[in-house]
Amino acid sequence: MANPYQVTPPQAPRRRSGGGIVAFVVLALIVGGIYGASRWLGQDDGRPAASTTASASPSAKPTKSPDPGNPESSSDTSSSWKVGDCGGPDPENQPDGYRPQKCSASGATFKAIDIKDASMFPGSIQCPPGTDLMIQVSISYGNSKKGGIPTNTLCGRNLSGDHPGDPGAGGGQLVQGDCVTDQAQEVPCATAGSGSSKVLGLVKQKSECPPGTTEPMQLTMAIGRPYDVICTDG
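These lines cover the structure that appears in this document, whether it is placed above or below. What you see is a predicted model, and the numbers here were worked out from it, not measured in a lab.

1. So, the packing of aromatic side chains
Next, step 1: One pass over the full model with this rule turns up two aromatic pairs.
Next, step 2: Taking 5.5 Å as the distance between ring centres and 85 degrees as the angle between the ring planes, the aromatic pair formed by Tyr98 and Phe110 counts as edge-to-face. Remark: Phe110 occurs in strand β4 (residues 110–117) and Tyr98 occurs in strand β3 (residues 98–101); sequence separation between them is twelve residues. Phe110 carries the same exposure label as Tyr98, and that label is buried.
Next, step 3: The rings of Trp81, Tyr98 and Phe110 are connected pair by pair, giving a single aromatic cluster.

The structure is reproduced here in structure tokens:
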């Protein structure tokens, strides 16, 4: 029989769960982390800023690079180009910056004749004949117009009558019909001096040179370049 004098102890008060507080703290940390990361990356407005790097000599001056297939570099300010677009110098990204322009605009200096995928090895990108300059388009975050991740390469032709990329003119990428010195430096054929010769072909091996080749030039190895020998008439 139950003890009539036994007193049931009062139930201990239940502790309130701290789960709500923990969830709030975790959420605050996540939000703070995202904000901090965006500030660190420079994404104040949440939008990526575009930049571009042009990688071909826009003038008829011979490149000083030991690899004639890897022209000089410059830069630009747009992330979206298509064939037929025009562009010109960007005054806010001097001295080598470019930006899209209407082809009829006074500031337009070139037209895109081809768009290539970007590459880690500039020498592997071969633009069509008549290309006067190459513009490496890249995208970066924040307000910086320098550097960034390459996305495309624009092959451009001058809107003026000056076309250093034409065969023999002395600029752009090395092509058949250009002239080079005995050090494989491209020069305008019209002013080429003694010791210069005409390019008859660009091949991987000397045995692949066309008839008429008297002085094949073996180049130093360059990753991505589609040729290793310049076939010349000596």
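2. Examining the state of the cysteines
Next, step 1: Evaluated as defined, the whole model comprises four disulfides.
Next, step 2: Put simply, Cys86 and Cys103 are joined by a disulfide, and their sulfur atoms are 1.9 Å apart. On the S-S bond that ties Cys86 to Cys103, the torsion sits near 90 degrees, and the link is right-handed. Taken together, the residues span a long stretch of sequence, with Cys86 in strand β2 (residues 86–89) and Cys103 in the loop between β3 and β4 at a distance of 17 residues.
Next, step 3: Under the relative-accessibility criterion, Cys86 is labelled buried at 2%.

3. Quick word on the pattern of salt bridges
Next, step 1: Inspection of the entire model under this criterion finds six salt bridges.
Next, step 2: Here Lys204 and Asp228 are joined by a salt bridge, their closest N and O atoms 3.1 Å apart. In this pair, Lys204 sits in the loop between β9 (197–203) and β10 (215–218) while Asp228 sits in the loop between β10 and β11 (229–232), placing the two residues 24 residues apart along the sequence.

4. A look at the side chain of Asp132
Next, step 1: On the secondary structure map, Asp132 appears in the loop between β4 and β5 (133–141).
Next, step 2: Lacking a salt bridge, the buried Asp132 has Arg157 as its closest oppositely charged neighbour, with an N-O distance of 4.2 Å.
Next, step 3: Of the polar contacts made by the side chain of Asp132, one reaches the backbone nitrogen of Asn158; its length is 2.8 Å.

5. Details of the sheet that holds strand β7 (residues 179–180)
Next, step 1: What the five strands build is an open sheet, ordered β8-β7-β9-β11-β10; its pairing is antiparallel. Two strands bound the open sheet, and with one partner strand each, they are β8 (186–187) and β10.

6. Observations concerning a nonpolar patch on the surface
Next, step 1: A grouping of Met120, Phe121 and Ile223 is seen on the molecular surface, where their side chains present a nonpolar patch of about 360 Å² in accessible area.
Next, step 2: Relative to the assigned elements, Ile223 resides in the loop between β10 and β11.

7. Quick word on unusual backbone geometry
Next, step 1: Despite not being glycine, Ala184 shows a phi value in the positive range, around 65 degrees.
Next, step 2: Tracing the sequence through the fold places Ala184 in the loop between β7 and β8.
Next, step 3: Judged by relative accessible area, Ala184 falls into the buried class, the value being 6%.

Conventions adopted
- Residues numbered from 1 in each chain as written.
- Predicted model: local features only at pLDDT ≥ 70, side-chain atom pairs only at ≥ 80, totals over all residues.
- Heavy atoms only, no water.
- Phe/Tyr/Trp six-rings, centres within 6.5 Å; stacked < 30°, edge-to-face > 60°.
- Helix = DSSP H or I, 4+ residues; strand = E, 2+ residues; numbered from the N terminus.
- Buried < 20%, exposed > 50% of the residue type's maximum accessible area, 1.4 Å probe, protein only.
- Disulfide = S-S within 2.5 Å.
- Salt bridge = Lys/Arg side-chain N within 4 Å of Asp/Glu carboxyl O.
- Lys, Arg positive; Asp, Glu negative; His and termini not counted.
- Polar contact = N/O pair within 3.5 Å; in protein donor to acceptor, adjacent residues only side chain to side chain.
- Pairing = 2+ DSSP bridges.
- Patch = residues over 30% accessible without salt bridge, like charges linked within 9 Å, V, L, I, M, F, W, Y side chains within 5 Å.
- Areas by Shrake-Rupley, 256 points an atom, 1.4 Å probe, with all protein chains shown as cover.

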